[in-house]
There are 2 protein chains.
Amino acid sequence: MAKFNFNLDTLPPSEIREEICSLTITQNVLQGRWKPLLIWYISLQPQRFGELTRLLPGISKGILAKQLKELEDDGLIQKEIFDELPFKVEYTLTDLGEQLLPVIAVMQDWGKKYIDSRQK
Amino acid sequence: MAKFNFNLDTLPPSEIREEICSLTITQNVLQGRWKPLLIWYISLQPQRFGELTRLLPGISKGILAKQLKELEDDGLIQKEIFDELPFKVEYTLTDLGEQLLPVIAVMQDWGKKYIDSRQK
DNA sequence: CCGCATCCGGAGTGATACTG
DNA sequence: CAGTATCACTCCGGATGCGG
């Protein structure tokens, strides 16, 4: 679970503590090589398992299943299972997941600035 | 270096590609257990090496030096060396590092939402 | 005081084969 | 089609000791 990096000897003021805590939580939830991309792709449209393996070349089924499960456990995505054959499952964002989109957007904005700054 | 997760067989449109690229870059730059916290602390005021070891209990000197160096190499922070004895070094954010603060802020906002949603 | 070098353990990631 | 299980491997993070 999350480690909050507090110093128990010289505990910082609660205001600071809350900032540390909030930041660390978000960092932990997004920790995983494919998670930001997964959230972004799912935000574009509901995605199926197989489709995600096609969108994310190089990802293995094992790690895809694991990271999807972690995102689900953290309440960012939900899956809908259609009772058909062959099986069909769709992943969509929860409300909490939707609220994460501004974070993704700001990260993308900064990435572009970074690229610009490196091209000089 | 950064891996951009493109599928070379079915290359996505350049617009999509840029979003993937930007997002992945930011993710890579912030990858490291202490980096977001380091940037945040340094943004509050210029920080010295020893002060950071106090602010981040549990971090070892080795990993602190390493993550600071990576942040410096990525152009997010700069260090000023004072020619005194004992040695004194101060870390400050670069312009590029300052531009990262909105990302940190949005992450903190979302962390608070996450905490609220879990307390119900 | 600051930071590097080395070594080490464990987590995160990935390839493959197999199941419902 | 949508996963699970296993194994192997890399790399990050941490401890320690040395050097400027």
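Given the structure is predicted, the values throughout are model-derived calculations rather than measurements.

**Quick look at the relation of the copies chain A and chain B**
Here's step 1: For these two chains of identical sequence, chain A goes onto chain B by a turn of 180° and a shift of 0.0 Å along the axis, with RMSD 0.1 Å. Taken together, the rotation angle and the small translation identify this as a two-fold axis. Residue Val103 of chain A, judged by its C-alpha, is the member of chain A lying nearest the rotation axis, at 3.3 Å.
Here's step 2: A symmetric contact is evident, with 98% of the interface residues of chain A recurring at the interface of chain B.

**What about the UniProt feature "domain: HTH hxlR-type" (unreviewed entry) in chain A?**
Here's step 1: As recorded in UniProt, the sites labelled "domain: HTH hxlR-type" (unreviewed entry) are residues 21-119 of chain A.
Here's step 2: Spanning residues 21-119 of chain A, this segment combines 62% helix with 14% strand, and its end C-alpha atoms are found 35 Å apart.

**Some thoughts on the protein's contact with DNA strand D**
Here's step 1: The immediate surroundings of DNA strand D are formed by 17 residues, with Lys61 and Tyr91 of chain A together with Arg33, Gln67 and Phe87 of chain B found nearest.
Here's step 2: Taking the atoms of DNA strand D that fall within 4 Å of the protein, sugar and phosphate contribute 72% of them.
Here's step 3: One of the side-chain nitrogen or oxygen atoms of Tyr91 of chain A is found 2.6 Å away from a phosphate oxygen of DNA strand D.
Here's step 4: For the surface near DNA strand D, the secondary structure elements donating two or more residues are α3 (49-55) and β3 (88-93) of chain A together with α4 (61-73) of chain B.

**Focus: the interface of chain A and chain B**
Here's step 1: With 47 residues of chain A in contact, the opposing surface of chain B contributes 47 residues.
Here's step 2: A buried area of about 4400 Å², summed over both sides, lies between chain A and chain B, and 66% of it is on carbon and sulfur atoms.
Here's step 3: At the boundary of chain A with chain B, the tally comes to two salt bridges.
Here's step 4: For Lys112 of chain A, the salt bridge identified is with Glu19 of chain B, shortest N-O distance 3.2 Å.
Here's step 5: The set of elements that each furnish at least two residues to the side of chain A that touches chain B consists of α1 (14-29), α2 (35-44), α3 and α6 (101-118) of chain A.
Here's step 6: Sort the elements by how many residues they give to the side of chain A that touches chain B and α6 of chain A lands first, with 14 residues.
Here's step 7: Within the side of chain A that touches chain B, the residues separate by chemical class into 25 nonpolar, 12 polar and 10 charged.

**Digging into the sheet that holds strand β1 (residues 47-48) of chain A**
Residues and elements named next belong to chain A.
Here's step 1: Strand order in the open sheet formed by three strands is β1-β3-β2, with antiparallel pairing between adjacent strands. For this open sheet the edge positions go to β1 and β2 (77-82), each flanked by a neighbour on one side alone.
Here's step 2: In this sheet, β3 lies alongside β1 in antiparallel orientation, the contact comprising two bridges. If you follow Gln47 over to β3, its bridge partner there is Tyr91.

**A short note on the packing of helix α2 (residues 35-44) of chain B against α4 of chain B**
All names here are of chain B.
Here's step 1: The N-to-C vectors of α2 and α4 enclose an angle of 75°; their axes lie 11 Å apart at closest approach. With respect to each other, α2 and α4 are oriented roughly perpendicular. From α2, Lys35, Leu38, Ile39 and Ile42 reach across to α4, where they touch Leu64, Gln67, Leu68, Glu70 and Leu71.
Here's step 2: Here the contact of α2 with α4 is composed, by residue class, of six nonpolar, one polar and two charged.

**What to know about the pairing of strand β3 (residues 88-93) of chain B**
Residue and element names in this part refer to chain B.
Here's step 1: The pairing of strand β2 (residues 77-82) with β3 spans six bridges and is classified as antiparallel. What sits directly across from Gln78, in β3, is Thr92.
Here's step 2: Adjacent in sequence and paired antiparallel, β2 and β3 are bridged by five residues.

**Some remarks on the nonpolar core**
Here's step 1: Formed by 62 residues in total, the largest nonpolar core has its most connected members in Leu76 of chain A together with Leu76 of chain B.
Here's step 2: When residues no more than four places from it in sequence are discounted, the contact partners of Leu76 of chain A are Val29, Ile39, Leu71, Thr92, Leu93, Thr94, Leu96, Gly97 and Leu100 of chain A together with Trp110 of chain B.

**Considerations on the sheet that holds strand β1 (residues 47-48) of chain B**
Residues and elements named next belong to chain B.
Here's step 1: Strands sit in the order β1-β3-β2 across an open sheet of three strands; the sheet is antiparallel. With one partner strand each, in any of the chains shown, β1 and β2 form the two edges of the open sheet.
Here's step 2: Its contacts with the sheet put α2 on β1, β2 and β3, and the angle it makes with β3 is roughly 100°.

What counts as what
- Residues numbered from 1 in each chain as written.
- Chains lettered and ligands numbered in written order.
- Predicted model: local features only at pLDDT ≥ 70, side-chain atom pairs only at ≥ 80, totals over all residues.
- Heavy atoms only, no water.
- Least-squares fit on C-alpha atoms with pLDDT ≥ 70 in both.
- Contact = heavy atoms within 4.5 Å.
- UniProt positions renumbered as here; feature names shortened; annotations may be inferred.
- Helix = DSSP H or I, 4+ residues; strand = E, 2+ residues; numbered from the N terminus.
- Near = heavy atom within 4 Å.
- Polar contact = N/O pair within 3.5 Å; in protein donor to acceptor, adjacent residues only side chain to side chain.
- Buried area = accessible area lost by both parts, 1.4 Å probe.
- Salt bridge = Lys/Arg side-chain N within 4 Å of Asp/Glu carboxyl O.
- Nonpolar A, V, L, I, M, F, W, Y, C, P; charged D, E, K, R; others polar.
- Pairing = 2+ DSSP bridges.
- Axes fitted to C-alpha atoms, helices over the stretch in contact; angles between N-to-C directions.
- Parallel < 35°, antiparallel > 145°, perpendicular 65-115°, else oblique.
- Core = buried A, V, L, I, M, F, W, Y, C linked by side-chain atoms within 4.5 Å.
- Buried < 20%, exposed > 50% of the residue type's maximum accessible area, 1.4 Å probe, protein only.

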